[in-house]
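Next come the chains, spelled out residue by residue.
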Amino acid sequence: MTKYVFVTGGVVSSVGKGITVASLGRLLKHKGLDVSVMKLDPYLNVDPGTMSPYQHGEVFVTKDGCETDLDLGHYERFIDLELTASSNVTAGQIYSSVIQKERRGDYLGGTIQVVPQVTDEIKNHIKDLAQESQADVVVVEVGGTVGDIEGLPFLEAIRQIRHEVGRENVYNIHVTLLPFIQATGEIKTKPTQHSVKELRSIGIQPDAIIARSDFDVSNGILDKLALFCDVQKDSVVVLPTVKSIYEVPLVLKNSGIDSVLTKHLQLQLEPSLVDDWGDMVTRMHTLKNTLSIGVVGKYTDLPDAYISVKEALNHAGVYNNTNIEIVWIQSEEIEKLGCESLLSNLDGIVVPGGFGPRGIEGMIKTAQYARTNNIPYLGLCLGMQMMVIDVARNVLGLDSANSTEFEKDTSNPVICLMEEQKNVVNKGGTMRLGNYPCELTPDSYLNEIYGINSINERHRHRYEFNNKYRDILAEGGLMAQGTSPDGELVEICQLDQHPFMIGVQFHPEFLSRPQRPHPLFREFIGITKNCNLKA
């Protein structure tokens with residue numbers, strides 16, 4: 001039967017549960033086990049798709065078109081698997097489902113309560129993922145912090161699962177923070193003790209504690225945690241702050257927690273797979289060159305809004321033996337200060353996705369600056385649309401060129417609302433989402449980059465390249481080098497006579513892996529490196 005690992009968090013939020021789950025998944029996969037993962041989010045939104053990136057960071061999109069928490073991106077990158085909508089469950093989904101069932105009469109007139117109806121719904125989602133994935137182990141992250149009101153039904157649900165499937169089939173890990181008091185020079189365990197006490201008060205005894213710390217932790221501290229939290233000493237792990245998140249699997253492996261976990265769950269292990277993860281981490285710390293890459297976007301005050309872009313750039317940097325120094329630039333600052341002062345020292349530019357009119361003119365000016373100064377440019381989703389508008393306005397003289405997203409009645413709508421979106425009313429979950437195929441132009445540069453003719457990439461957009469302008473834009477040097485199989489949707493644009501100026505309507509960053517960077521990012525950094533060396 002499938003075994004379950006539940007990971008909860010205490011003391012503070014953003015303590016590193018997502019990276020811990022991703023790292024544990026990596027280690028279990030390394031032991032020859034089939035692994036799946038799930039994120040339980042206690043907020044009442046059905047999904048994060050309509051949230052501002054400043055609320056929860058990037059919206060990650062799964063292959064089947066589900067808008068999810070950014071932690072699923074970490075899971076996919078670390079474990080190298082593709083997840084589905086089943087791997088992200090929110091309180092909004094749970095309550096919506098329960099209410100729909102009540103309206104249909106599924107509960108036969110019973111009183112609907114948090115226990116058992118809501119907790120049963122949560123348990124069903126967890127068990128459905130186990131059934132769907134047929135995994136040996138499902139690792140489940142419970143979002144938020146122990147003590148949050150909205151998280152209580154989720155904690156009760158995982159308590160019940162342990163009761164139902166047996167203690168030998170469930171392993172509970174509690175991730176906490178060990179704060180350092182500067183005045184006394186002490187690390188304090190009391191917040192962790194209180195967090196575990198809160199967890200135990202609702203019937204969950206952690207089998208292991210992973211304690212985050214910015215400082216060295218003595219054996220005495222570990223003994224104290226083991227004693228007062230009633231956890232075995234070999235199950236108390238210190239997770240120090242490291243230079244790269246990709247070091248975390250190595251730290252956990254060195255602690256032996258993966259072996260303690262698999263022994264508890266009585267898992268039959270295959271011989272460990274050959275894994276060069278450690279070699280990759282070593283290369284990350286010995287990169288010879290440095291490139292300055294500007295990310296010009298709307299939400300750069302919170303880099304987590306572009307976490308997959310950041311990681312994809314770093315993956316490509318390791319492949320090209322180059323350290324990537326990311327310069328986060330608000331596109332509105334381009335509008336105020338101009339391109340020269342903010343972009344002139346960059347080796348390459350990425351313009352990522354986004355929605356709404358704020359900062360758009362700054363992005364268009366950025367595309368123009370990259371085009372006229374031969375700076376390698378990669379446009380992602382909205383970034384491709386900015387390329388199109390720049391060429392239309394500044395090469396072809398169509399001064400009014402714009403997207404109907406920003407100017408509904410523009411006389412030159414080079415970017416327009418997709419036909420299938422014109423009658424859409426609701427905002428949530430209604431964009432063009434998930435994997436869609438793209439046919440590359442034979443013998444083109446894109447064909448060379450990918451090494452294949454047909455690709456599948458993840459999408460999240462409502463607006464598209466207006467085919468009425470395809471021929472005239474080609475006259476301006478902007479060529480469509482990838483389209484939907486029927487040729488109707490332009491997926492990739494490339495500017496002729498430029499070292500690297502490519503825009504894509506999809507999000508290649510979602511498919512990049514630390515040991516297998518996405519072809520577009522790999523090539524972008526490779527060309528940027530070559531241009532820099534020649535200069």
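Basis of the calculations
- Residues numbered from 1 in each chain as written.
- Predicted model: local features only at pLDDT ≥ 70, side-chain atom pairs only at ≥ 80, totals over all residues.
- Heavy atoms only, no water.
- Pairing = 2+ DSSP bridges.
- Helix = DSSP H or I, 4+ residues; strand = E, 2+ residues; numbered from the N terminus.
- Axes fitted to C-alpha atoms, helices over the stretch in contact; angles between N-to-C directions.
- Phe/Tyr/Trp six-rings, centres within 6.5 Å; stacked < 30°, edge-to-face > 60°.
- Buried < 20%, exposed > 50% of the residue type's maximum accessible area, 1.4 Å probe, protein only.
- Lys NZ or Arg CZ within 6 Å of the ring centre and 35° of its normal.
- Contact = heavy atoms within 4.5 Å.
- Core = buried A, V, L, I, M, F, W, Y, C linked by side-chain atoms within 4.5 Å.
- Salt bridge = Lys/Arg side-chain N within 4 Å of Asp/Glu carboxyl O.
- Polar contact = N/O pair within 3.5 Å; in protein donor to acceptor, adjacent residues only side chain to side chain.

Visitor: Break down the sheet that holds strand β16 (residues 401-403) for me, with residues and values.
Guide: Across the sheet, which stays open at both edges, the 3 strands sit in the order β16-β17-β20 with mixed pairing between neighbours. Across the chains shown, the open sheet's two edge strands, defined by having one partner strand only, are β16 and β20 (463-465). Neighbour to neighbour, the strand axes of the sheet diverge by 30 degrees on average, direction disregarded. Looking at chain direction, β16 and strand β17 (residues 412-417) are connected through 3 bridges and run parallel. Across the sheet, the residue bridging to S403 is I415, located in β17.

Visitor: Explain the packing of aromatic side chains to me, and be specific about the residues and the numbers.
Guide: For the structure shown, the criterion picks out 11 aromatic pairs. Between the aromatic rings of Y54 and Y299, the centroid separation amounts to 5.9 Å while the plane-to-plane angle is 85 degrees, which identifies the pairing as edge-to-face. Of this pair, Y54 sits in helix α2 (residues 53-56) while Y299 sits in the loop between β12 (289-297) and α12 (307-319), and the two are 245 residues apart along the sequence. Overall, the relative accessible area of 34% leaves Y54 in the partly exposed class. Geometrically, the ring pair formed by F180 and F215 is stacked, given 4.0 Å between the ring centres and 25 degrees between the ring planes. Residue F180 is located in strand β8 (residues 180-181), and its partner F215 is located in the loop between β10 (208-213) and α8 (219-229); the two are separated by 35 residues in the primary sequence. Taking the relative accessible area as the measure of exposure, F180 reaches 26% and is therefore partly exposed. Here a set of aromatic residues connected by ring pairs shows up, and it is made of Y54, Y299, Y306 and W328. The side chain of R432 reaches across the aromatic face of Y436, ending 4.1 Å from its centre. For the cation-ring pair, R522 lies above Y319, with the distance from its terminal atom to the ring centre recorded as 5.8 Å.

Visitor: Account for the sheet that holds strand β11 (residues 236-240), naming residues and giving values.
Guide: The parallel open sheet is built from 7 strands, whose spatial order is β5-β2-β6-β1-β7-β10-β11. Unpaired on one side and paired on the other, β5 (88-90) and β11 mark the two borders of the sheet. Ignoring strand direction, the axes of neighbouring strands in this sheet form an average angle of 20 degrees. Alignment of strand β2 (residues 35-41) against strand β6 (residues 137-142), held across 6 bridges, turns out to be parallel. Bridge assignment links S36 to a residue of β6, and that residue is V138. Across the sheet, helix α1 (residues 17-30) touches β1 (3-9), β2, β6, β7 (170-177), β10 and β11, and the angle it forms with β6 is around 175 degrees. Sheet contacts for helix α5 (residues 114-133): β1, β2, β5 and β6; angle to β2, the most-contacted strand, approximately 160 degrees.

Visitor: Any chance you could break down the nonpolar core for me, citing the residues and the numbers?
Guide: Judged by nonpolar contacts, the single largest core of 43 residues is most densely connected at V5, V7, V139, Y171, I173 and L252. Sorting elements by how many residues they give to this core places α1 first, with 6 residues. Apart from the residues within four sequence positions on either side, L252 is in contact with T20, S23, L24, L27, I210, V237, L239, I257 and D258. Ranked by size, the runner-up nonpolar core spans 38 residues in total, among them I334, C339, Y463 and L495.

Visitor: Mind laying out the pattern of salt bridges, listing which residues take part and the relevant values?
Guide: Within this structure, the stated rule accounts for 27 salt bridges. K39 is paired through a salt bridge with D71; the nearest N and O atoms lie 3.0 Å apart. One end of the pair, K39, is in strand β2; the other, D71, is in helix α3 (residues 71-79), and 32 residues separate them in sequence. Residue D71 is classed as buried on the basis of its relative accessible area, which comes to 11%. Through salt bridges with shared partners, a single network forms among E76, D80, E82, R458, R513 and R516.

Visitor: Could you give an account of the side chain of E156, naming the residues involved and the relevant values?
Guide: In this structure, E156 sits in helix α6 (residues 152-165). The buried category is assigned to E156, whose relative accessible area is 18%. Polar side-chain contacts of E156 include one of 2.8 Å to the side chain of R159. There is a polar contact of 2.8 Å between the side chain of E156 and the side chain of Q160. When residues no more than four places from it in sequence are discounted, the contact partners of E156 are V115, T119 and I202.

Visitor: Describe the environment of G397, and please don't skip the residues or the numbers.
Guide: One can find G397 in the loop between α16 (382-394) and β16. Measuring from C-alpha to C-alpha, the distance between G397 and G476 comes to 9.9 Å, with 79 residues separating the pair along the chain.

Visitor: Explain the environment of D301 residue by residue, including any values.
Guide: Here D301 is to be found in the loop between β12 and α12. A relative accessible area of 60% places D301 in the exposed class. Residues D301 and F154, 147 residues apart in the sequence, show an inter-C-alpha distance of 32 Å. When neighbours within four sequence positions are excluded, D301 is seen to be in contact with Y54 and Q330. Within the local environment of D301, its side chain forms a polar contact with the side chain of Q330, the two groups lying 3.3 Å apart.

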